Structures are given as structure tokens and as C-alpha cells.
Amino acid sequence: MRYLFTNFCYPTEIHDVVKLFFNDVELSDNSSNAQFTLTEKANGNIFVYEATAEGKNNVQSVDVGEADELQATRLRKRYAKLAIYNVLTEFSGKKMPWGSLTGIRPTKLAEQLSREGLDWRQTFTGVLGVSEDKTSLVEDILRTQGDLRRYKTGCADLYVGIPFCVSRCSYCSFTSGEIDRLKKYIDPYVEALKHDICTTIAFVRENDIKINNVYFGGGTPTSLSAEHLDDIMSCIDFQPVEYTVEAGRPDTIDRDKADVLKKHGVQRISINPQTFNQSVLDVIGRKHTVSDIYDKYELAKSYGFIVNMDLIAGLPTETYDMFCHNVDSAVSLGADNITIHTLALKHGSALKEQNYSGASDVNKMVEYSRRKLYSAGYEPYYMYRQKYMADNLENVGYCKPGKQCLYNIGIMEEISNILACGANAISKKIISPENRIERSANAKDVITYIQRNDEYIGKKFCLFRGEK
Ligand SMILES: C[S@@+](CC[C@H](N)C(=O)[O-])C[C@H]1O[C@@H](n2cnc3c(N)ncnc32)[C@H](O)[C@@H]1O
Ligand code: SF4
């Protein structure tokens, strides 16, 4: 175990940078046993950061001048992280694709830098250490998003959470439960969810909020029966601009459910292979076959749905060639959206518990997917990063021109208000003009959600009314 000492008042930000390089580092309040240190010294408006790593050091300083408190904090974090990143780069001889950036949304940072009057590309590459390649990815995404990247006053999207799955995939840490084990809670959950949705729709009408997009996510929404889905969707008594159901697992989709989705005006669904290699599907516990993917894709297309496919780079036992086959297969099928995830080894997943150390060549896989998808005419249209991602990479959603999923852009770029219904769902309100997000989270587990449904609905409405 190695130790990091810092007197910076945001120590986790510094720890996150060190974890890009070394997994086995803990924060310590004792500088004498620390291999890595970051100290902040303040002199009026000037903040100086000195980082050390066993004999090497790096010094950065920033003048926060007339900046307000929020902006001053951003600048301090930026330069503190830079000092520790630079020293670790020198110490380890490694550079990270995203340089010193640990945040979830690089596109938002680009926009923020532009607002500060900076040339964001130059700041990314010249100051923050982001590679040219990743900088151009951000540029391409901003271009594809274009005017869609605009906050729409008086509007919100509606999220409906179905936290059930047919079985647990080994990489997944979502709090969804296996539907067979939770059978006795399904009926009460559906009732509580319907109450939540109907009350929320009544609330938006009373308050003149326009719902643009509706998104059913999970878990796997289509692990519910066609009857339950029909019952829930009957609460949504209007046609949204965009209506998406993350069907997800190919083994949960059939004609009866597709009929229900079509009847209720759903336009987009996901059919997620994760991989087109049967041996890997078996290893990750997906419990469906490769031919299920093809069959359900054909079924979805016969209903005229716009289809997204999720793939993951870095799954256990999957080689570079096998991964390329996955991307090629999704492209040959002609999926409208293809989302390339990089495996994140998250706490709570079976892979993490099994101490899976990750695949090699993940960077090469991600590069291949970008080349292949660009050459097949796809455009990257949203991106986010998470902790514990292989090679510190990113997840990127690609689309055929004009086929962007508006809900994904809204939530990932934090430009949409979200009214969320269901267990483990989080409502978000954007507070103008400072562009800050306030949240109201529903109970994570199904039982508490059912028992305290009205309490969570009340909190959500307080958030949207601007009350505490
Ligand atoms: C909210 S999950 C639900 C998808 C749906 N239940 C399914 O399995 O098809 C959305 C996507 O996140 C990705 N994902 C989940 N866990 C991940 C992990 N640990 N690392 C990388 N991607 C992950 C998968 O590609 C998954 O399809
Ligand atoms: S990846 Fe999807 S199906 Fe698998 S456990 Fe996670 S949410 Fe459920």
C-alpha cells in the first residue's frame, strides 16, 4: 500500500488523480509515511501547489483574481490536480489519454472553459494534458450535438426506472434485482410506480412544465410482463417528442411486449449485445445466445423502432479481434445507435469481487471502434467517463446522422431537468443562471420505495417548486 498526503480541502479530487496511475493508494493524514504529497499555500488571491512523488516535484500556481467563489474553487481544483498529475507523469513515465481530467463530462468542461474566455482546445492539450485524439473526440461530439445542446426553459424529461433484471451480469453494479427473487414485490411496485407517474404528470400540468422526452431505464424494463408494461405505460397519456425504452437484454423482448411498446408510441429501444461472442456472453452471465441478438434486432426493425446497441470493451476473455468482430457485427446489422462502453470495474459487481484485473488492448479496441464507426458513417454524439474505467477511457454514444437520442444528450450534458419516477431514480433540476444541478433521489431499494412513495414524490415536487 502507498500513501498520499494532502492539505488541500478537496482531497478526493487529488486521490482520484493518483488512482489513475496506482490502484493501491490511500489518503493519509501523516506526511512522513506518504510517497506522494500535494500541498496548497495561499497568498492573497494566489494559490501555489507543490506536488512530490519520491524525489520528483512539480509546482503550479493560479491567481483567482476577481473570480466568484464557485469559479475560484474550480480553478484551485484544476491547478492542484495538474500539479499532482504532472509529477506522477514524470515519476511513472505514463501519460493518460484524458491527462489530469477526472471529471465525468469533458464536453461540459470544454464549454465552461470557453465561457471563461479560454481557447478550450489549447487548454485541454497545452495545460491539462489531454491527448490530441481525445480533444478531437470532444470537438466532434460538440459538433454533432450542435443546437441540441441547449437548455430548454420550462421543460423537463420524464425518467421511469424499472429496477429488475432476469439475471445478474458479472460486470454490473446497478442496484437492480433478479425478477424471480422479487416476484412478490412486482405488483406493489407497479402500483407505486403508476401512482408516482400519474401524480408527476398532474404536477407538470399544474405547473406548466412541458415534458419533452420519456425514457424507461433500468435494470431491464422489458423484464416485466407485457401486461405490467401496458399498465405502466397507460399512465403516459400524451405522445412525447421522443419515447425510449431501454429494452436491453435480447432475451426479454417478444412480440407481445413489442406490440405494447408500439401501441404506446415508443420510438426507440435498445437491444444490447455487449458482445457477439457466445463464449463471452456465457462468461459474463448474460444467459442469452448470439442468435437471440439477431432475432430480436429483426423483430425490432419489423416494428420500425430506432435501435441502439450497447457494447463493452474489456470484457473477460475477449481479445482485440473478438471485440472488432462485435463492432463489425453491430455495424453490419445497421443499428441506428451504437454505444461503446469501456469496462468499469465497479464495487458491487461480481468481476470486482473475483479480482478480475482487466483485459489488455482496451485502448486499441476503443480506437478501432472509433475508426470503424466513423468510416461506416456514424458520428459520436455523447460521452461520459466513470471511475475505475479500463485505461481511464470513456463511454461514447455513436449515431447515424440525425439519429441522436435527445434524452441521452440532455442527461449526460446536464442540460435537461429530469423528473424521475421509480426506485433508485434521481430527479434533477438545473438552477439558472449559475447552471448548478439540484437533486432529489428516490429510495434505492424497491421495498422502501413502495413504503414511502408519497414522501419521495413530495420531495421531488419541492425540488421543482424551488422549496427546501
Ligand atoms: C443501465 S445498463 C442497462 C442495460 C440493460 N439492462 C442491458 O443489460 O442490456 C446500460 C449499459 O451500461 C453498460 N454497463 C453496465 N455496467 C458496466 C460496466 N461495469 N462497465 C462498462 N459498461 C457497463 C452496459 O453496456 C449496459 O448495456
Ligand atoms: S447489465 Fe443490464 S441486465 Fe445485466 S445486470 Fe446490469 S442492468 Fe441487469
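Because the structure is a prediction, the values reported are computed rather than measured.

Engineer: So what's going on with unusual backbone geometry? Which residues, and what values?
Structural biologist: That bond from Gly 218 to Gly 219 is cis: its omega, 10°, falls within 30 degrees of zero. Not every positive phi belongs to a glycine, and Gln 274 is a case in point at roughly 70°. Within the fold, Gln 274 resides in the loop between β11 (268–271) and α9 (278–283). Positive phi, normally seen in glycine, also occurs at Asp 391, with a value near 55°.

Engineer: Requested: an account of a nonpolar patch on the surface, with residues and values cited.
Structural biologist: Together, Ile 46, Val 48 and Val 59 line one region of the surface with nonpolar side chains, adding up to about 210 Å² of accessible area. With respect to the element layout, Ile 46 can be found in strand β4 (residues 46–53).

Engineer: Go over the nonpolar core with me, naming the residues and quoting the values.
Structural biologist: Membership of the largest hydrophobic core comes to 93 residues, with the highest contact counts inside it found for Phe 124, Ile 197, Phe 216 and Ile 269. In terms of residues, this core owes the most to one element, helix α6 (residues 183–206), which gives nine residues. Residue contacts for Ile 197: discarding those within four places in its chain leaves Leu 158, Val 160, Ile 232, Cys 235, Ile 236 and Cys 421. Counting residues in each nonpolar core, the second largest holds 26 residues, with Phe 8, Ile 14, Phe 47 and Leu 88 among its members.

Engineer: Break down the pattern of salt bridges for me, citing the residues and quoting the values.
Structural biologist: Within the structure shown, the criterion is met by 32 salt bridges. Among the salt bridges present, the one from Asp 196 reaches Lys 460, with a minimum N-O distance of 2.6 Å. Here Asp 196 is found in helix α6, whereas its partner Lys 460 is found in helix α16 (residues 453–465), with 264 residues between them in sequence. The same class applies to Asp 196 as to Lys 460, namely buried. By sharing partners, the salt bridges in this structure join Arg 105, Lys 108, Glu 414 and Arg 439 into a single network.

Engineer: So, the domain arrangement of the protein: which residues are in play, and what are the values?
Structural biologist: Annotation of the protein at the domain level lists domain 1 (2–94) and domain 2 (150–432 + 435–451). Placing a centre on the C-alpha atoms of domain 1 and another on those of domain 2 gives a separation of 36 Å.

Engineer: How would you summarise the packing of helix α3 (residues 106–115) against helix α4 (residues 120–127) if you had to cite specific residues and measurements?
Structural biologist: With their axes 8 Å apart at the nearest point, α3 and α4 run at an angle of 115° to one another. Where α3 abuts α4, its residues Pro 106, Leu 109, Ala 110, Leu 113 and Ser 114 lie against Trp 120, Thr 123 and Phe 124. Its residues assigned to classes, the contact of α3 with α4 shows six nonpolar, two polar and no charged.

Engineer: Could you give me a rundown of the site of ligand 2, with the residues and numbers involved?
Structural biologist: Neighbouring ligand 2 are the residues Cys 165, Ser 167, Arg 168, Cys 169, Tyr 171, Cys 172, Gly 219, Thr 220, Arg 249 and Arg 286. Taken together, the residues of the shell around ligand 2 break down into four nonpolar, three polar and three charged.

Engineer: Tell me about the site of ligand 1, and name the residues and values.
Structural biologist: What surrounds ligand 1 is a group of 18 residues, the closest being Asn 272, Gln 274, Arg 286, Asp 310 and Ala 344. Tyr 171 places a main-chain nitrogen or oxygen 2.9 Å from a nitrogen atom of ligand 1. Note that an oxygen atom of ligand 1 is positioned 2.6 Å from one of the side-chain N or O atoms of Asp 310. Contact with the protein chains removes 92% of the 560 Å² of surface that ligand 1 exposes when unbound. Those elements that provide at least two residues to the shell around ligand 1 are β10 (242–248), β12 (306–313) and β13 (337–342). Looking at the shell around ligand 1 residue by residue, the classes come out as five nonpolar, eight polar and five charged.

Conventions adopted
- Residues numbered from 1 in each chain as written.
- Chains lettered and ligands numbered in written order.
- Predicted model: local features only at pLDDT ≥ 70, side-chain atom pairs only at ≥ 80, totals over all residues.
- Heavy atoms only, no water.
- Helix = DSSP H or I, 4+ residues; strand = E, 2+ residues; numbered from the N terminus.
- Patch = residues over 30% accessible without salt bridge, like charges linked within 9 Å, V, L, I, M, F, W, Y side chains within 5 Å.
- Areas by Shrake-Rupley, 256 points an atom, 1.4 Å probe, with all protein chains shown as cover.
- Salt bridge = Lys/Arg side-chain N within 4 Å of Asp/Glu carboxyl O.
- Core = buried A, V, L, I, M, F, W, Y, C linked by side-chain atoms within 4.5 Å.
- Buried < 20%, exposed > 50% of the residue type's maximum accessible area, 1.4 Å probe, protein only.
- Contact = heavy atoms within 4.5 Å.
- Domains from an automatic or database assignment.
- Axes fitted to C-alpha atoms, helices over the stretch in contact; angles between N-to-C directions.
- Nonpolar A, V, L, I, M, F, W, Y, C, P; charged D, E, K, R; others polar.
- Near = heavy atom within 4 Å.
- Polar contact = N/O pair within 3.5 Å; in protein donor to acceptor, adjacent residues only side chain to side chain.

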